[in-house]
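# Per-entry structural report
Letter by letter, the chains look like this.
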Amino acid sequence: MSRLTRTRAISLSLSLGLGIAALGAGPASASGSNGMPDRGGMSQGAQVYKVDLNELNSSGVEGQAILVLKGDTLKVKIRATGLVPNALHPQHIHGLDGNANATCPPASAAGPDGILDLADGLPFYGPILLPLEAFPMAENGTINYKATFTVDGDLLDLSDEAIVLHGGFVESEYVATLPVSCGEIN
Ligand SMILES: [Ca+2]
Ligand SMILES: [Ca+2]
Ligand SMILES: [Ca+2]
Ligand SMILES: [Cu+2]
């Protein structure tokens, strides 16, 4: 075998080997980025998340959110009751880094002062990923909110995020950042 022929034989077996490796990767790449099997046209469908919002800080604020994610378009609907009327209520999607699952803080997270402030909840629901603006004023103590956003990154899979509604009284002072209701997204 001449040197030239041997070189060509080696390069041929290398390219065959790569071809087999690429075939082997086939089944894995057929799964979508969310781990769900890609069923052709089904991947164009919307992902719908129903979220129960439960009170924090004994606020009495409860409700439900519905999130519809189609591609990078996120439609958000929130209905909630029991809020301080005619006051600004910031509301956000919160989340932790990476694949960590954001949760709603237990009452014990409030610490010795008994008030679960924004920072007390951060280890559970994480920082703000998406402000759900325009923030509602809760006329009559009710939120009936609808908005559409374009999202990317972590928000393309919402199952590890949480929704937090804010704004309540601490003694006689209105604290707009106070978490008053929370829902884990699954
Ligand atoms: Ca506290
Ligand atoms: Ca996510
Ligand atoms: Ca979750
Ligand atoms: Cu928030």
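For the structure, check the block above.
Computed from a prediction, not measured in an experiment: that's the story for all the values here. (Residues numbered from 1 in each chain as written. Chains lettered and ligands numbered in written order. Predicted model: local features only at pLDDT ≥ 70, side-chain atom pairs only at ≥ 80, totals over all residues. Heavy atoms only, no water.)

We now examine the overall build of the protein chain. Counting its secondary structure elements, the protein chain contains three helices and eight strands. Ordered by position from N to C terminus, the α and β elements of the protein chain give α-α-β-β-β-β-α-β-β-β-β. By the burial criterion, 32% of the 186 residues in the protein chain qualify as buried. A total accessible area of about 11,000 Å² is found for the protein chain, and carbon and sulfur atoms account for 56% of it. (Helix = DSSP H or I, 4+ residues; strand = E, 2+ residues; numbered from the N terminus. Buried < 20%, exposed > 50% of the residue type's maximum accessible area, 1.4 Å probe, protein only. Areas by Shrake-Rupley, 256 points an atom, 1.4 Å probe, with all protein chains shown as cover.)

So, on to the coordination of the copper ion (ligand 4). Coordination sphere of the copper ion (ligand 4), protein contribution only: His92 (ND1), His94 (NE2) and His166 (NE2), at 1.9 to 2.0 Å. Sequence positions of the donors to the copper ion (ligand 4) reduce to the motif H-x1-H-x71-H. With histidine 94 in strand S4 (residues 91-95) and histidine 166 in strand S7 (residues 161-170), this residue pair connects regions lying 72 residues apart in the sequence. As far as the burial class goes, histidine 94 and histidine 166 line up, both buried. (Donors = N, O, S within 2.8 Å, 3.2 Å for Na, K, Ca; no water.)

Here we come to helix H3 (residues 118-125). For H3, the N-terminal capping position is held by aspartate 117, with its side-chain oxygen 3.2 Å away from the main-chain nitrogen of alanine 119. Following H3 by one or two positions, glycine 126 has its phi on the positive side, about 75°. (Polar contact = N/O pair within 3.5 Å; in protein donor to acceptor, adjacent residues only side chain to side chain.)

This paragraph deals with the coordination of the calcium ion (ligand 2). Around the calcium ion (ligand 2), the protein contributes the donor atoms Asp154 (O), Asp154 (OD), Asp157 (O), Asp160 (OD), Glu161 (OE) and Glu161 (OE), which lie 2.2 to 3.1 Å from the metal centre. Here the calcium ion (ligand 2) is ringed by six donor atoms whose angles at the metal span 43 to 164°, and the overall shape comes out irregular. Judged by relative accessible area, aspartate 154 falls into the partly exposed class, the value being 30%. (Tetrahedral: all angles 85-135°; square planar, octahedral: opposite > 155°, others 65-115°.)

The next subject is the environment of glycine 141. By the element assignment, glycine 141 lies in the loop between strand S5 (128-131) and strand S6 (143-150). When the C-alpha positions of glycine 141 and leucine 83 are compared, they lie 4.4 Å apart, and in sequence the two are 58 residues distant. Leave out the neighbours within four places in its chain, and glycine 141 touches Ala80, Thr81, Gly82, Leu83 and Pro85. (Contact = heavy atoms within 4.5 Å.)

Turning next to the nonpolar core. Leu67, Leu74, Ile78, Leu158, Ile163 and Leu165 are the most contacted members of the largest nonpolar core, which totals 28 residues. Looking at this core, the elements with two or more residues in it are strand S1 (47-55), strand S2 (62-70), strand S3 (73-81), S6, S7 and strand S8 (173-184). Once residues lying within four places of it in the same chain are set aside, the contact partners of leucine 158 are Tyr49, Leu67, Leu69, Leu74, Ile93 and Ile185. Core analysis: the next-biggest nonpolar cluster, separate from the first, contains seven residues, Cys104, Tyr125, Ala162 and Val164 among them. (Core = buried A, V, L, I, M, F, W, Y, C linked by side-chain atoms within 4.5 Å.)

The grouping of Lys70, Lys75, Lys77 and Lys146 at the surface amounts to a positive patch. Topologically, lysine 70 is positioned in strand S2. (Patch = residues over 30% accessible without salt bridge, like charges linked within 9 Å, V, L, I, M, F, W, Y side chains within 5 Å. Salt bridge = Lys/Arg side-chain N within 4 Å of Asp/Glu carboxyl O. Lys, Arg positive; Asp, Glu negative; His and termini not counted. Charge placed at Lys NZ, Arg CZ, Asp CG, Glu CD.)

Overall, the coordinates contain one disulfide when judged by the stated rule. Here cysteine 104 connects covalently by a disulfide to cysteine 182, the sulfurs 2.0 Å from one another. Here the S-S torsion is close to -85°, and the disulfide linking cysteine 104 with cysteine 182 is therefore left-handed. In this pair, cysteine 104 is assigned in the loop between S4 and H3 and cysteine 182 in strand S8, connecting sequence segments 78 residues apart. The two residues cysteine 104 and cysteine 182 agree in class, both being buried. (Disulfide = S-S within 2.5 Å.)

As a further point, take the packing of aromatic side chains. Applying the stated criterion to the full structure yields one aromatic pair. Centroid distance phenylalanine 169 to tyrosine 174: 5.6 Å. Interplanar angle 75°. Geometry classified as edge-to-face. On the basis of relative accessible area, phenylalanine 169 is assigned to the partly exposed category, the value being 49%. On the accessibility criterion, tyrosine 174 (26% relative accessible area) is partly exposed. (Phe/Tyr/Trp six-rings, centres within 6.5 Å; stacked < 30°, edge-to-face > 60°.)

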